[in-house]
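Coordinate analysis (summary)
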Amino acid sequence: PAAPDRASIEKATRAEHFLPESVFSVLKRDAFLKDQYVNGSSGHWSLEEHSSAVVEQFERFFRGPVPGGVDRSLMRLILALHDIGKPSAARGKGVRFQHEYNRRIVTEYMGKWGYSEREISIAASLVGSDPIGGSLKEGGRAPGAEERFAQEVRDGAKEAVIPVADYFELLKVYYMSDAGA
């Protein structure tokens, strides 16, 4: 099969009867991505199993328009790629650097596939940080925690070129899809 490209990805993400596995079958045509999905793990699941569950959660619970005017097919792709850097981070600098790896890999691949700078910025802002998870892990009790959280959300909104309130709604959809999987 041919390497993934935007046309094949969008055929999968825009299908009338969308199935998450169709996205992964396209993405796994790339040897690196296939290795990440098949050999990488997220808890007790393979990265592919976890990422598929994340996309399924999104489909199950978020039927209306995606916040921030984000295209539904783009959100499906972002969620499919949301932890793609985790296996490389675990083998490299450590899993706590996964968001740095996610950002680099997603930016590189989406650029190669012909996505626009804005689409790439939206994806990078979501996969490249975790303000909600980080805030919850901190418990919001550390000095300056609320300010750091608010600044991360503002920074993400600026990068994605989405108003802060809309970006926060998008971030919640992203986080709930992941956390619920």
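Residues numbered from 1 in each chain as written. Predicted model: local features only at pLDDT ≥ 70, side-chain atom pairs only at ≥ 80, totals over all residues. Heavy atoms only, no water.

Let's shift gears to the overall build of the chain. Of regular secondary structure, the chain possesses 11 helices and 2 strands. Helices and strands in the chain line up, N terminus first, as α-α-α-β-β-α-α-α-α-α-α-α-α. Its C-alpha radius of gyration of 16 Å places the chain within 12% of the 16 Å reference for a compact globule of 181 residues. Dimensions of the chain, computed from the C-alpha atoms along their principal axes, are close to 50 × 35 × 30 Å. Expressed as a percentage of its 181 residues, the buried residues of the chain come to 46%. Partitioning the intrachain contacts of the chain with sequence separation of at least 6 by distance along the chain shows that 61% fall at a separation of at least 24. On the chain, roughly 9100 Å² of surface is accessible, and the fraction owed to carbon and sulfur atoms is 54%. Between the averaged position of the 24 positive side-chain charges in the chain and that of its 26 negative side-chain charges there is a distance of 2 Å. (Helix = DSSP H or I, 4+ residues; strand = E, 2+ residues; numbered from the N terminus. Rg over C-alpha atoms; globule rule 2.2 N^0.38 Å. Buried < 20%, exposed > 50% of the residue type's maximum accessible area, 1.4 Å probe, protein only. Contact = heavy atoms within 4.5 Å. Areas by Shrake-Rupley, 256 points an atom, 1.4 Å probe, with all protein chains shown as cover. Lys, Arg positive; Asp, Glu negative; His and termini not counted. Charge placed at Lys NZ, Arg CZ, Asp CG, Glu CD.)

Taking 1.5 Å as the rise per residue, helix 10 (residues 145-160) with 16 residues should run 22 Å; its terminal C-alpha atoms sit 22 Å apart, in good agreement. Every buried residue belonging to helix 10 is among Ala145, Val153, Gly156, Ala157 and Ala160, and all of these are buried. Seen end-on, helix 10 carries its buried residues on one side only, within an arc spanning 110°. Along helix 10, exposed side chains directed more than 90 degrees from the buried face belong to Glu147 and Lys158. Against helix 8 (117-127), helix 9 (131-138) and helix 11 (164-179) lie the buried residues of helix 10. Once helix 10 ends, the next one or two residues include Val161, with phi positive near 55°. (Expected span 1.5 Å × (residues − 1). Arc of directions from axis to C-beta.)

This part takes up the nonpolar core. By size, the foremost hydrophobic cluster in this structure holds 45 residues, and its most contacted members are Leu27, Met75 and Trp113. At 7 residues, the largest contribution of residues to this core is made by helix 5 (residues 72-81). Non-local contacts of Leu27, meaning those with residues more than four positions away in its chain, are made with Pro4, Ile9, Leu33, Tyr37, Leu77, Ala80, Leu81 and Trp113. (Core = buried A, V, L, I, M, F, W, Y, C linked by side-chain atoms within 4.5 Å.)

A few words on the layout of surface pockets. Roughly 350 Å³ of volume is contained in the largest pocket. Gln98, His99, Asp130, Lys137 and Asp178 are, among the 20 residues lining the largest pocket, the residues nearest its centre. Secondary-structure elements contributing two or more residues to the lining of the largest pocket are helix 7 (98-112), helix 9 and helix 11. Each residue belonging to the lining of the largest pocket can be placed in one class, and the counts come to 5 nonpolar, 9 polar and 6 charged. (1 Å grid on protein atoms, 1.4 Å probe; cavity = no way out; pocket = protein on both sides within 12 Å on 5 of 7 lines; lining within 4 Å. Points joined across faces, edges and corners; volume = space filled by probe spheres on them. Nonpolar A, V, L, I, M, F, W, Y, C, P; charged D, E, K, R; others polar.)

The phi torsion at Val161 lies on the positive side, around 55°, for a residue other than glycine. Residue position: Val161 is located in the loop between helix 10 and helix 11.

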